[in-house]
Amino acid sequence: MKPTLSELLSTRRILVCCGAGGVGKTTTATGLALAAAREGRRVLALTIDPSKRLAETLGVERNLKAPVSLPEERLRQAGIEPPGSLETWMLDPQLIASGVVRRLAPSPESAERLMNNRIYKGVSGMVAGMQEYTAMQALYDFVQEDRYDLVILDTPPSRNALDFLDGPRRLSRFFDGRIFQLFVPSEEQGFVQRAASSLISRVLSAVFGEETFGDLQEFFNAFATIFTQLTRNASQMGEFLADPEGVAFLLVTSPSPAALTDAFFFRKKTEEMNLPFRAFILNRSQAYDLDRVYPTADLLGPAPSPAALSGLAKLQELADLEVAQVKRDQKLLRQLGEKAGDQAMAMALPNLTGGANDIASLLKIANVLVSS
Amino acid sequence: MDLFNKRVILVTGKGGVGRTTIAASLAIAGVRAGKRVLLTEIGDPDGDYSPLARIFDRDNFDVDAEEVGHGVEACVLYSRRGHELFLRTVLPVRTLIRAAMRSKALSRFLDSAPSFNEMGVFYHLLTLLREERSDGAPRHELIIIDMPATGHTLALTSLPESLLQIIPVGPVASELRAGQDFLNNPKTGAALIVTLPEPLPVTECLELIDGLRETNMPVGGVLVNKVMQDHFTPEERAALMPVAQSNPVFGRSRFLRLLDNNKALQRLRSNTRVPISLVPEFTSSDDELADNLAESLLTSIG
């Protein structure tokens with residue numbers, strides 16, 4: 001049975017929007033959030049890097065400590081009424097990381113000390129890996145909290161749509177307790193471990209110089225307990241994302257030569273990882289643009305000027321290009337439908353000129369999404 | 001823009017602007033301009049598939065440079081290769097290097113530690129830049145990198161500085177500085193920003209110019225991709241405007257988009273002094289696209 005998007009919006013607890021950068025993933029995620037909130041659900045949209053205008057529309061800013069509601073007047077405009085609500089939060093890796101440290105550290109003083117460690121400061125500020133990890137961490141935290149009926153995650157941009165799932169895994173491997181032990185030699189280690197420890201110290205002192213290696217050891221010592229806890233969280237996250245009753249994965253693509261290949265790999269990957277993949281969304285498509293007519297001379301009225309006539313010929317050249325595009329997009333949508341399999345559907349969103357950053361355009365998108 | 005006389009070009013820009021196709025075409029154009037060109041991307045030779053490699057009819061590039069067509073050599077920048085190359089330079093004994101590369105704990109550590117991956121990539125690039133032929137000339141005169149999404153590009157260009165904060169001395173530090181000498185010197189390194197003639201991409205391009213400057217990466221130029229050819233005279237435009245605005249005809253969105261494009265281009269021009277080149281929109285099939293683009297790039301930025 002293929003569930004419709006509107007069924008997914010009313011029954012699931014988590015929707016994960018995946019897709020390469022630049023396909024309009026954030027806009028689609030926001031359209032989904034709006035549609036669900038309008039149906040009376042309490043919705044949280046977690047986003048990474050919305051465009052400035054979209055952020056303004058949503059009333060959200062960088063570095064906020066907690067999610068913010070859509071401004072009152074726009075809630076009305078969008079037809080969202082209690083119990084329905086729509087909150088947005090821009091994920092900030094450093095903020096989330098320090099939140100986790102505070103919660104898991106044995107005392108406030110030790111949390112402060114840890115956050116002042118030179119290596120921690122460097123590591124938590126680097127984009128790669130941290131964005132992905134913190135997105136998952138925030139998703140996990142909010143779902144545990146029960147303040148929202150539905151959390152929609154707009155995943156960080158990456159070449160392959162599921163890379164973000166690998167971020168947490170990489171980080172949790174890094175924070176694996178067994179690796180820490182190798183950095184912090186102790187009497188209790190057996191021969192093999194001692195040998196590995198000594199190899200690692202020799203290699204890393206050669207690589208970093210003695211002084212930095214000392215800092216590294218201190219860092220690992222300080223973080224050992226905290227990150228053992230994080231590792232546990234990461235493996236639990238993997239489990240709850242596999243729940244077909246609570247979660248749906250969506251792939252957003254745009255009409256490009258790579259769209260079909262992306263779709264093929266996405267479906268294959270989600271199957272391998274046992275993740276509930278439910279829809280391809282072809283964004284900025286002209287597949288449904290069927291209400292247009294071909295421009296002819298009768299549009300120009302009686303006695304058209306020479307400029308109008310010569311202009312019309314050029315307009316017709318543009319029209320030919322657009323007709324060809326509609327045909328290509330229709331074919332692409334059909335092929336995506338075939339690739340989707342029997343668990344998932346394929347649908348298209350229109351190409352809104354100038355992007356969809358205001359409530360009116362977002363509502364248009366929401367309407368198309370639920371009518372599919 | 002004189003880009004073909006650099007040693008390394010970082011092709012960057014937001015997803016969806018055609019960055020990968022431009023990187024491939026730029027490599028082909030470089031070969032036609034008489035350079036020994038290496039085309040690269042950050043990746044994994046055993047990854048799922050690479051859209052860049054697809055342009056050269058293969059799923060992935062190898063970790064060793066090889067010719068992939070049109071006279072272009074290509075390889076992936078691979079963190080693990082970088083780690084291995086680096087360990088070879090700092091570890092005194094061969095047996096220790098072998099033990100180190102075989103150690104599961106160590107390879108897991110290098111694979112997974114934040115920014116270690118980037119460091120490996122960075123060192124692999126540095127090695128390729130230094131590679132020489134027997135006559136002492138660089139093996140790869142021009143290295144073109146198809147960079148990942150904007151955020152990750154800045155993460156990589158800011159990597160040397162942020163790592164030098166953590167590791168101010170030692171062998172890593174001195175190699176980071178050597179890499180900076182290539183990348184941050186406007187004679188040898190340049191970022192090429194690919195964008196579209198539309199409001200949002202132009203805004204993001206201007207932000208990226210500032211962002212790259214903050215990380216000391218010289219910006220060699222902006223390439224505006226998919227610029228529509230505007231054949232309308234002002235009279236024709238004026239005569240058609242009421243028709244286009246009041247009728248849902250085919251051709252209308254392109255007609256209206258032309259105006260937006262011109263406005264966006266004007267805004268780009270008046271807000272930066274970085275050299276700007278326009279690349280026309282090609283409606284040719286995918287097979288011919290890279291070829292046509294290469295010809296166009298050769299004349300516009302060579």
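Residues numbered from 1 in each chain as written. Chains lettered and ligands numbered in written order. Predicted model: local features only at pLDDT ≥ 70, side-chain atom pairs only at ≥ 80, totals over all residues. Heavy atoms only, no water.

*Asks:* Explain the side chain of T27 of chain A here, please?
*Replies:* Relative to the elements of secondary structure, T27 of chain A occurs in helix 2 (residues 25-38). Those residues in contact with T27 of chain A, other than ones at most four positions away along the chain, are A356, L362 and I365 of chain A. (Helix = DSSP H or I, 4+ residues; strand = E, 2+ residues; numbered from the N terminus. Contact = heavy atoms within 4.5 Å.)

*Asks:* Hey, could you run me through the packing of aromatic side chains in this one?
*Replies:* Each aromatic ring pair is summarised here by two numbers: the centre-to-centre distance and the angle between the ring planes. Per the counting criterion, the structure on display carries 8 aromatic pairs over all chains. Considering the side-chain rings of F277 of chain A and F280 of chain A, the 4.8 Å spacing of their centres and the 50° angle between planes classify their relative orientation as tilted. Here F277 of chain A and F280 of chain A have matching classes, each one buried. Considering the side-chain rings of F86 of chain B and Y123 of chain B, the 5.0 Å spacing of their centres and the 80° angle between planes classify their relative orientation as edge-to-face. Of this pair, F86 of chain B sits in helix 3 (residues 79-90) while Y123 of chain B sits in helix 6 (residues 116-130), and the two are 37 residues apart along the sequence. We classify Y123 of chain B as buried; its relative accessible area is 8%. Taken together, the ring pairs in this structure connect W89, F142 and Y148 of chain A into an aromatic cluster. (Phe/Tyr/Trp six-rings, centres within 6.5 Å; stacked < 30°, edge-to-face > 60°. Buried < 20%, exposed > 50% of the residue type's maximum accessible area, 1.4 Å probe, protein only.)

*Asks:* Where do I start with the sheet that holds strand 2 (residues 42-47) of chain A in this structure?
*Replies:* What holds strands together in a sheet is hydrogen bonding between their backbones, with the strands either parallel or antiparallel. Residues and elements named next belong to chain A. A sheet is described by the order of its strands in space; here 8 strands give the open sequence 3-4-2-5-1-6-7-8, paired in mixed fashion. This sheet does not close on itself; its edge strands, each paired only once, are strand 3 (68-69) and strand 8 (345-350). Inspection of the sheet shows strand 2 paired to strand 4 (residues 85-90) by 6 bridges, in the parallel sense. Looking across to strand 4, one finds that V43 is bridged to L86. Set on the sheet, helix 2 makes contact with strand 1 (14-18), strand 2, strand 4, strand 5 (150-154), strand 6 (247-253), strand 7 (277-285) and strand 8; between it and strand 5 the angle comes to about 170°. The strands touched by helix 14 (residues 306-340) are strand 6, strand 7 and strand 8; relative to strand 7, the strand with the most contacts, the crossing angle is about 170°. (Pairing = 2+ DSSP bridges. Axes fitted to C-alpha atoms, helices over the stretch in contact; angles between N-to-C directions.)

*Asks:* Please clarify how the sheet that holds strand 2 (residues 37-42) of chain B should be interpreted in this entry.
*Replies:* Residues and elements named next belong to chain B. Read across the sheet, 8 strands follow the order 3-4-2-5-1-6-7-8 without closing on themselves; strand pairing throughout is mixed. Only two strands of the sheet have a single neighbouring strand rather than two, namely strand 3 (66-69) and strand 8 (276-280). The average angle at which neighbouring strand axes cross in this sheet is 30°, direction not considered. Here strand 2 pairs with strand 5 (residues 142-146) via 5 bridges, running parallel. Looking at strand 5, one finds that L38 is bridged to I143. Set on the sheet, helix 10 (residues 199-214) makes contact with strand 1 (8-12), strand 6 (189-195) and strand 7 (219-227); between it and strand 6 the angle comes to about 165°.

*Asks:* Explain the pattern of salt bridges here, please?
*Replies:* Pairing of side chains with opposite charge becomes possible as their charged atoms draw close. All names here are of chain B. With the rule as written, the count across this model stands at 20 salt bridges over all chains. Notably, a salt bridge pairs D59 with R54, separated by 2.7 Å at the nearest N-O pair. In this structure, R133 and D135 form a salt bridge, with 2.8 Å as the shortest nitrogen-oxygen distance. Residue classification places R133 among the partly exposed positions, given a relative accessible area of 36%. Salt bridges linked by common partners bring R32, D291 and E295 together as one network. (Salt bridge = Lys/Arg side-chain N within 4 Å of Asp/Glu carboxyl O.)

*Asks:* Can you help me understand the pairing of strand 8 of chain A in this one?
*Replies:* If a strand is regular, its side chains alternate between the two faces of the sheet. Residues and elements named next belong to chain A. Pairing geometry for strand 7 and strand 8, over 5 bridges, is parallel. Paired with A279 across the strands is M345, a residue of strand 8. Of the crossover connections in this fold, the one passing from strand 7 over helix 14 to the parallel strand 8 is right-handed. (Right-handed = clockwise from strand over helix to strand, strands pointing away.)

*Asks:* Got a minute to help me understand unusual backbone geometry in this structure?
*Replies:* In most cases, non-glycine residues show a negative phi, while peptide bonds are predominantly trans. Cis geometry is found at the peptide bond from P82 of chain A to P83 of chain A, where omega equals 5°. With respect to the element layout, P83 of chain A can be found in the loop between helix 4 (72-78) and strand 4. Even without a glycine there, the phi angle at N216 of chain B is positive, about 65°. Of note, N216 of chain B is situated in the loop between helix 10 and strand 7.

*Asks:* How should the packing of helix 14 of chain A against helix 12 (residues 252-271) of chain B be read in this particular structure?
*Replies:* Each pair of packed helices can be summarised by the angle the axes make with each other and by the distance between the axes. The N-to-C vectors of helix 14 of chain A and helix 12 of chain B enclose an angle of 115°; their axes lie 8 Å apart at closest approach. Put simply, helix 14 of chain A runs roughly perpendicular to helix 12 of chain B. Where helix 14 of chain A abuts helix 12 of chain B, its residues L315, L318, L321 and E322 of chain A lie against R252, S253, R254, F255 and L258 of chain B. Across the contact of helix 14 of chain A with helix 12 of chain B, the residue classes tally to 5 nonpolar, 1 polar and 3 charged. (Parallel < 35°, antiparallel > 145°, perpendicular 65-115°, else oblique. Nonpolar A, V, L, I, M, F, W, Y, C, P; charged D, E, K, R; others polar.)

*Asks:* Would you mind going over the environment of L332 of chain A with me for this structure?
*Replies:* Residues and elements named next belong to chain A. Take L332: it is sitting in helix 14. Each C-alpha atom, one on L332 and one on L290, is 16 Å from the other, the two residues being 42 residues apart in sequence. Apart from the residues lying within four places of it in its own chain, the contact partners of L332 are P255, S256, A259, L260 and L282.

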